[in-house]
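# Structure at a glance
Letter by letter, the chains look like this.
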Amino acid sequence: MDIRFPVGGFLPQPFSQKQKEEWLLDIKFLPSELELAIQNLDEAQLQTPYREGGWTVHQLVHHIADSHMNAYMRFRLGLTEDNPTIKPYDQDAWAQLNDTKTLPINVSLTLLHALHQRLYATISELNDNTWERTVFHPEHKKKISLWELLGMYAWHGKHHVAHIKNLRERMGW
């Protein structure tokens, strides 16, 4: 197993009701899954990188919140505008900002619980054709459907929760 990609890389999937239900549940339950993954970790453990050269658990929790705030905005833009250009961001630079370094992770965990309630409520009842709407990602120079965004962010949450779970297992926590 590649420690960087414990659940494998993201693989786009064709639209299906079954896949949609699975990915929507991943979105709905990510905050709870993350909360379970970090349960009972002390400060030293939170400051441990999930892999050599990787972010700490503390940074990962804040990163997930940052990333999924962007996801929420990308979905809303894609639902209300025709192929809007989304704003890329430097996730490594964001991981070095003061709030990420100093705020306790419960701030981002609380944010994720509220954010995912909003995100799930926004996208859970979309009709099948709406998933074909697109946003334009200027960094990748391509259109991305809301369907692909759903898959990417469902995968993203599972990807980082697996980083934490794998670290716990390797360290015997």
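Keep in mind that what you see is a predicted model, and the values were worked out from it rather than measured.

It is worth spelling out the overall build of the protein chain at this point. The helix and strand tally for the protein chain stands at seven helices and two strands. The N-to-C order of helical and strand elements in the protein chain reads α-α-α-α-α-α-β-β-α. Against the 2.2 N^0.38 benchmark of 16 Å for 173 residues, the protein chain shows a C-alpha radius of gyration of 16 Å, consistent with a compact globule. Considering only C-alpha atoms, the protein chain reaches an extent of 45 × 35 × 30 Å along its principal axes. Taken over 173 residues, the protein chain has a buried fraction of 46%. Residue pairs at least 24 apart in sequence account for 78% of intrachain contacts in the protein chain once pairs closer than 6 positions are excluded. As presented, the protein chain carries roughly 9,400 Å² of accessible surface, and 53% of it is formed by carbon and sulfur atoms. The distance from the centre of the 18 positive side-chain charges to the centre of the 21 negative ones in the protein chain is 3 Å.

So, on to the pairing of strand S1 (residues 134–137). Bridge count for S1 against strand S2 (residues 142–145) is four bridges, and the pairing is antiparallel. By the bridge assignment, phenylalanine 136 is partnered in S2 with lysine 143. In textbook terms, the turn of a hairpin is the stretch between consecutive antiparallel strands, and for S1 and S2 this stretch comprises four residues, one of which, lysine 141, has a positive phi near 55 degrees.

Now for the packing of aromatic side chains. Enumeration over the complete set of coordinates arrives at five aromatic pairs. Seen in terms of ring centroids, phenylalanine 10 and tryptophan 23 are 6.3 Å apart; in terms of plane orientation they differ by 45 degrees. Their pairing is tilted. Separated by 13 residues along the polypeptide, phenylalanine 10 in the segment before helix H1 (17–38) and tryptophan 23 in helix H1 bring together distant segments of the chain. Taking 4.4 Å as the distance between ring centres and 40 degrees as the angle between the ring planes, the aromatic pair formed by tyrosine 89 and tryptophan 94 counts as tilted. Among the aromatic residues, those joined into a cluster by ring pairs are Phe10, Phe15, Trp23, Trp131 and Trp147.

In this section: the packing of H1 against helix H6 (residues 105–123). Helix-helix packing is characterised by the crossing angle of the two axes and by the distance between the axes. H6 packs onto H1 with a crossing angle of 165 degrees between their chain directions and a minimal axis gap of 8 Å. The angle between the axes of H1 and H6 places the two elements in the roughly antiparallel class. The two elements H1 and H6 meet at a crossing, and its hand is left-handed. Packed against H1, whose contacting residues are Leu24, Ile27, Lys28, Leu30, Pro31, Ser32, Leu34, Glu35 and Ile38, the element H6 presents Ile105, Leu109, Leu112, His113, His116, Leu119, Tyr120 and Ile123 at the interface. Grouping the constituent residues of the contact of H1 with H6 by class yields twelve nonpolar, three polar and two charged.

Proximity of charged atoms lets side chains of opposite charge pair with each other. A complete count under the given rule lists six salt bridges for this structure. For arginine 133, the salt bridge identified is with aspartate 82, shortest N-O distance 3.6 Å. Here the residue arginine 133 occupies a position in the loop between H6 and S1, and aspartate 82 occupies one in the loop between helix H3 (57–80) and helix H4 (91–94), the gap between them amounting to 51 residues. Look at aspartate 82 and you get exposed, because its relative accessible area is 70%.

To continue, consider H6. If you check H6, its first and last C-alpha atoms are 26 Å apart, about what 19 residues at 1.5 Å a residue would give, namely 27 Å. When H6 is considered as a whole, its buried residues turn out to be Ile105, Ser108, Leu109, Leu112, Leu115, His116, Leu119 and Ile123. The buried residues of H6 occupy an angular sector of 130 degrees when the element is viewed end-on, so they sit on one face. For H6, the exposed residues set more than 90 degrees away from the buried face come down to Thr110, Gln117 and Ala121. On its buried face, H6 is in contact with H1, helix H2 (43–46), H3 and helix H7 (146–171).

By the element assignment, histidine 163 lies in helix H7. By relative accessible area, which is 2% here, histidine 163 ends up buried. Excluding anything up to four places from it in sequence, histidine 163 contacts Ile3, Arg4, Phe5, Pro6, Tyr50 and Leu60.

Definitions and cut-offs
- Residues numbered from 1 in each chain as written.
- Predicted model: local features only at pLDDT ≥ 70, side-chain atom pairs only at ≥ 80, totals over all residues.
- Heavy atoms only, no water.
- Helix = DSSP H or I, 4+ residues; strand = E, 2+ residues; numbered from the N terminus.
- Rg over C-alpha atoms; globule rule 2.2 N^0.38 Å.
- Buried < 20%, exposed > 50% of the residue type's maximum accessible area, 1.4 Å probe, protein only.
- Contact = heavy atoms within 4.5 Å.
- Areas by Shrake-Rupley, 256 points an atom, 1.4 Å probe, with all protein chains shown as cover.
- Lys, Arg positive; Asp, Glu negative; His and termini not counted.
- Charge placed at Lys NZ, Arg CZ, Asp CG, Glu CD.
- Pairing = 2+ DSSP bridges.
- Phe/Tyr/Trp six-rings, centres within 6.5 Å; stacked < 30°, edge-to-face > 60°.
- Axes fitted to C-alpha atoms, helices over the stretch in contact; angles between N-to-C directions.
- Parallel < 35°, antiparallel > 145°, perpendicular 65-115°, else oblique.
- Left-handed = near helix turned anticlockwise from the far one by under 90°.
- Nonpolar A, V, L, I, M, F, W, Y, C, P; charged D, E, K, R; others polar.
- Salt bridge = Lys/Arg side-chain N within 4 Å of Asp/Glu carboxyl O.
- Expected span 1.5 Å × (residues − 1).
- Arc of directions from axis to C-beta.

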